[in-house]
Amino acid sequence: MAWDMGFAGKSAVVTGAGGGMGLAIARALLAEGARVAALDVKAKPEGIDDALYLQGDIADEGFVADAVARAAAAAGRIDHLVNAAGVLWFDRDKSAIDMDMSDWDRVFAINLKGAVHATRQAVPRMARAGGGAIVHFATIQCLRGDTKPQDAYQASKAGLVAFSKSIAVQFAGAHIRSNTICPGPTLTPMQARWDENPQAQARAASGIPLGRLGTAEDQANACLFLLSPRASFITGTELVVDGGRLALP
Ligand SMILES: NC(=O)c1ccc[n+]([C@@H]2O[C@H](COP(=O)([O-])OP(=O)(O)OC[C@H]3O[C@@H](n4cnc5c(N)ncnc54)[C@H](O)[C@@H]3O)[C@@H](O)[C@H]2O)c1
């Protein structure tokens, strides 16, 4: 028997749904019968024709307010929010001692404040609908140090973990859950550097106990679980989805 995850008739907003994990999550939610509003700065990709696609910058508070309002008007409610939009600029994000602070600010505006914008818009609507569930995407890199620092990325994602916990505690009484997924290296457009360099990709995979890199679907599976009623006693925590990478000494 199929495992009914309880998404039929529910309404979800997914940021970063123009590619990678966000797109996989939007597709999976549509397949489970949810209404999906997909936000991304990129043009609409294939495979989410049934979603309400809203193109714009997640760092722009006005865009996010308008987009979530349109999602709520179209579906009549907001039950779920997935904050998957994010950037990792391998060329410019480095030690805070050396990097350009305008890059630092932009990374924070997208990775942290963008998620805050979406959460501010979604939470009151979830409360009116009687509850809801939020999943934010951080990274395993915000739970450990890095010999090749990407300080803006790492610190912005650590902020997201803290923000998620605070929202979880503040709104538990309104039946709103908030959790963070910390992915390990995952094959998505963000890791396009590996398309040209299969050896580097194989090296990265060999450093993962389960012997492979993650896929967008691996992350989508974890996300749908955390959004679903099957996770109804889980809030304010992090789910590491990394093939065992963080468990290594
Ligand atoms: N791929 C990995 O290895 C990995 C590992 C750890 C964490 N993550 C995190 O998981 C999340 C999803 O990553 P992914 O691998 O699917 O990356 P991705 O680059 O494939 O997808 C991220 C999406 O966010 C969108 N986006 C970027 N800036 C935006 C903006 N200003 N406004 C609106 N949308 C914007 C992009 O257009 C893109 O479609 C990200 O937050 C990322 O930091 C990824």
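The paragraphs below set out a description of the structure included in this document. Here, residues in each chain are numbered from 1, in the same order as that chain's written sequence. Owing to the predicted nature of the model, reporting of local features is limited to residues with pLDDT of at least 70; listing and counting of side-chain atom pairs is limited to 80 or more, with chain, interface and lining totals taken over all residues. With hydrogens and water set aside, each side-chain value is computed from the structure's full complement of heavy atoms.

**Things to note about the side chain of Thr139**
Quick note on the threshold: In this text, helices come from DSSP runs of H or I with a minimum length of four residues, and strands from runs of E with a minimum of two, each type numbered from the N-terminal end. Each residue is placed in one exposure class: buried if its accessible area under a 1.4 Å probe, protein chains only, is under 20% of its type's maximum, exposed if it is over 50%, and partly exposed if it falls in between. Each polar contact in these results corresponds to two N or O atoms within 3.5 Å; when the atoms are within protein, one needs to be able to donate a hydrogen and the other to accept it, and residues that are neighboring in sequence are counted only if both atoms are side-chain atoms. Contacts: residue pairs with any heavy atoms within 4.5 Å of one another.
Turning to its location among the elements, Thr139 is positioned in the loop between strand E5 (132-137) and helix H4 (151-171). Look at Thr139 and you get buried, because its relative accessible area is 5%. Separated by 3.0 Å, the side chain of Thr139 and the backbone nitrogen of Gln141 make a polar contact. In contact with Thr139, other than residues within four places in its own chain, are Tyr153, Lys157, Ile181, Cys182 and Pro183.

**Quick look at the packing of aromatic side chains**
What counts here: Pairing of aromatic rings covers Phe, Tyr and Trp, the last through its six-membered ring, and needs centres within 6.5 Å; plane angles under 30 degrees mean stacked, over 60 mean edge-to-face, and all others mean tilted. Sitting over a ring, as applied to charges here, requires NZ of Lys or CZ of Arg to be within 6 Å of the ring centre and within 35 degrees of the ring normal.
By the definition in use, this model includes one aromatic pair. Arranged with centres 5.0 Å apart and planes meeting at 20°, the rings of Trp104 and Phe108 form a pair that is stacked. Taken together, the positions of Trp104 and Phe108, both in helix H3 (residues 101-129) and four residues apart, correspond to about one turn of that helix. Here Arg92 stacks its cationic end above the ring of Trp89, 4.3 Å away from the centre of that ring.

**Digging into the environment of Ile167**
Within the element layout of this structure, Ile167 appears in helix H4. Placed 33 residues apart in sequence, Ile167 and Ile134 show a C-alpha to C-alpha distance of 9.4 Å. Beyond its immediate chain neighbours, meaning those up to four positions away, Ile167 contacts Thr119, Val123, Ile134 and Ser178.

**Considering the site of the ligand**
The condition is simple: Being near a molecule or strand, for a residue, means having at least one of its heavy atoms within 4 Å of it. Computed with the Shrake-Rupley method and a 1.4 Å probe, the accessible areas treat only the protein chains shown as cover for residues. For this classification, the nonpolar set comprises Ala, Val, Leu, Ile, Met, Phe, Trp, Tyr, Cys and Pro, the charged set comprises Asp, Glu, Lys and Arg, and every other residue, Gly included, is treated as polar.
Surrounding the ligand, one finds 30 residues, the nearest of these being Met21, Asp40, Tyr153, Lys157 and Thr188. Side-chain polar atom of Tyr153 to an oxygen atom of the ligand: 2.7 Å apart, as the coordinates give it. Within the complex, 94% of the 810 Å² of free accessible area of the ligand lies under protein. Residue classes in the shell around the ligand are distributed as 14 nonpolar, eleven polar and five charged.

**Observations concerning the nonpolar core**
Condition: The definition of a nonpolar core used throughout is a set of buried Ala, Val, Leu, Ile, Met, Phe, Trp, Tyr and Cys residues joined through side-chain atoms within 4.5 Å.
Counting residues in hydrophobic clusters, the biggest one holds 33 residues, and the most contacted among them are Ile25, Leu29 and Phe137. Elements with a contribution of two residues or more to this core: strand E1 (11-15), helix H1 (20-31), strand E2 (35-40), E5 and helix H6 (216-227). If sequence neighbours within four positions are ignored, Phe137 has contacts with Met21, Ile25, Val82, Asn83, Ala84, Lys157, Leu160, Ile181, Pro183, Gln219 and Cys223. Membership of the second largest hydrophobic core comes to 32 residues, among which are Ala37, Val87, Ile134 and Leu160.

**Some words on unusual backbone geometry**
You will see that His175, though not glycine, has its phi angle at about 65°, which is positive. Mapped onto the fold, His175 is located in the loop between H4 and strand E6 (176-183).

**Observations regarding the sheet that holds E2**
The condition is simple: In this analysis, strands are considered paired if DSSP registers two or more bridges between them. An axis is simply a line fitted to the C-alpha atoms; with a helix, the fit covers only the stretch in contact. Between two such axes, the angle follows the N-to-C directions and lies from 0 to 180 degrees.
The strand order across the open sheet built from seven strands is E3-E2-E1-E4-E5-E6-E9, with neighbouring strands paired in parallel fashion. Among the strands making up the open sheet, the edge pair consists of strand E3 (52-55) and strand E9 (238-241). Ignoring strand direction, the axes of neighbouring strands in this sheet form an average angle of 15°. Of the strand pairs in this sheet, strand E4 (residues 80-83) and E5 are connected by four bridges, and their pairing is parallel. Along E5, the bridge assignment pairs Asn83 with His136. Across the face of the sheet, H1 comes into contact with E1, E2, E4, E5 and E6 while running at roughly 165° to E1. Across the face of the sheet, helix H2 (residues 61-75) comes into contact with E1, E2 and E3 while running at roughly 170° to E3.

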